[in-house]
Amino acid sequence: MTKFDHKVPYNDLPLLPPKVDIETKQILRKAISAGRALAQLNGTLLNLPNPTLFLDTIYLQEAKASSEVENIITTNDELYKSLIADKKVENSATKEVLSYKEALWLGLEELKTKPFITTNLCVKIVQCITQNSASIRVTPGTNLSNTQGEVIYTPPSGEKVIREKLANLEKFINEDESIDPLIKMALMHYQFEAIHPFSDGNGRTGRILSLLYLKLSGLLDTPAIYLSEYIIKHKADYYKRLRGVTENNEWEAYIWYMLDMIEETSKKGLERLDKITSAMNKTANEIKTKLPKVYSKDLVEILFRLPYTKRQHLIDENIGNLKTVGNYLIALEENGFLKSEKVGKEKLYLNQELLQILENKE
């Protein structure tokens, strides 16, 4: 076997599927346990009284974590305020996270009309993430370096080569049904990252594609899962496993890592959902007792859709007119359910308990 050269474009990147045994006994066992955890999360999401209630929060958390993998850092507080407030977003990291969330929604909407993952979809997603008209790399010289500035990988070069690799990936994703879908997700993720088809946004696009594939394959009706949270926690291992495949054909260790990511994030997602629904039910009962004239199921759901809310949200959901909802929010703050904060010219109301649950990474 020829020694892998980090500095030479990897135009010989093998096509999918790999020509090695990827469904080993150990991998298949792990795929079963990961699939079981994912199915439990899916069932819990589907059985929620309002399955779409937490989507904005979940997608925003994944957007934040995925951006953090690329060292684009913002706080939950800054993020949720920016989403709700009419004030223009100034923080560049926050803008990028919001663009990621928009790109994930875009991908999900595209799947409704065209249930396939294609090169064109990848381009639309990366353009939404980067907020420009970027397409497939055409300029040579792209490489990836470590923190010491050493080149660790040089992806395929030349638009024709890149498009050929993407065409093979597209065919593998949409046509090859011979491989366990979770294992297949791991394979497609490696291949996309190895092709590295764009000048920027490859990591984030690749993670969105994984979420879209879970939806496409029927494994998760609502791709409400924080895959990137696991990668942040095990970041060194993530890059080590990717390089292990590239340099030594070490598929098993990489696939196991990806399956463990699915299993652990599914379990964590279940715990977080349980905490949020318990907090929502407790808050509903307390509001009903302390403020019976204010309480409604719709009002409580608004308070738990995102950590921050404002008067216009309540008006939009027909909770009451401007004066009524203003009085409701004042009463909720006076009774400790919310905390107000002035952002620009408007007043936002924070559900501190919800934000605390989202901040907890244990």
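Residues numbered from 1 in each chain as written. Predicted model: local features only at pLDDT ≥ 70, side-chain atom pairs only at ≥ 80, totals over all residues. Heavy atoms only, no water.

Peer 1: Give a detailed account of helix H12 (residues 297-305), specifying residues and quantitative values.
Peer 2: Buried within H12 are the following residues: Leu299, Val300, Glu301, Ile302, Leu303 and Phe304. If you follow the buried residues of H12, they end up packed against helix H11 (251-290), strand E3 (308-309), helix H13 (311-316), helix H14 (322-334) and helix H15 (352-359). (Buried < 20%, exposed > 50% of the residue type's maximum accessible area, 1.4 Å probe, protein only. Helix = DSSP H or I, 4+ residues; strand = E, 2+ residues; numbered from the N terminus. Contact = heavy atoms within 4.5 Å.)

Peer 1: Explain the packing of aromatic side chains to me, and be specific about the residues and the numbers.
Peer 2: Under the definition given, this model contains 8 aromatic pairs. Taken together, a centroid distance of 5.2 Å and an interplanar angle of 70° make the contact between tyrosine 230 and tyrosine 257 edge-to-face. Placement of the pair is tyrosine 230 in helix H9 (residues 227-233) and tyrosine 257 in helix H11, with a sequence separation of 27 residues. Each of the two residues, tyrosine 230 as well as tyrosine 257, counts as buried. A centroid spacing of 6.1 Å and a plane angle of 35° characterise the contact between tyrosine 238 and tyrosine 257, whose relative ring orientation is tilted. Placement of tyrosine 238 in helix H10 (residues 235-248) and of tyrosine 257 in helix H11 is noted, with a sequence separation of 19 residues between them. Using a relative accessible area of 5% as the deciding quantity, one classes tyrosine 257 as buried. A connected cluster of aromatic rings, assembled from ring pairs, spans Tyr230, Tyr238, Tyr239 and Tyr257. (Phe/Tyr/Trp six-rings, centres within 6.5 Å; stacked < 30°, edge-to-face > 60°.)

Peer 1: Explain the nonpolar core to me, using residue names and the numbers behind them.
Peer 2: With 113 residues, the main nonpolar core has Leu212, Ile255 and Leu332 as its most contacted residues. Among the elements that take part in this core, H11 stands out by supplying 14 residues, more than any other. Ignoring anything within four residues of it in the chain, the contact list for leucine 332 reads Ile287, Leu291, Val294, Leu299, Leu303, Phe337 and Leu338. (Core = buried A, V, L, I, M, F, W, Y, C linked by side-chain atoms within 4.5 Å.)

Peer 1: Lay out the confidence of the model for the protein in plain terms, naming residues and giving numbers.
Peer 2: Any residue range with low pLDDT should be treated as having predicted coordinates unsuitable for detailed reading. Here the protein shows a mean pLDDT of 90. Residues at 70 or above account for 96%. No element of the protein has a lower mean pLDDT than helix H3 (residues 76-84), which averages 74, and none a higher one than helix H7 (residues 181-195), which averages 97. (pLDDT = per-residue confidence, 0-100.)

Peer 1: Help me get a handle on helix H5 (residues 119-130), residues and values and all.
Peer 2: Helical periodicity: at 3.6 residues per turn, an α-helix aligns residues three or four positions apart in one direction. Look at H5: 16 Å from first C-alpha to last across 12 residues, which is about the 16 Å you get at 1.5 Å a residue. Counting buried positions over the 12 residues of H5 gives 9, a clear majority of the element. All of the buried residues in H5 are Thr119, Leu121, Cys122, Val123, Ile125, Val126, Cys128, Ile129 and Thr130. Buried residues along H5 sit in contact with helix H4 (92-113), helix H6 (159-175), H7 and helix H8 (202-216). (Expected span 1.5 Å × (residues − 1).)

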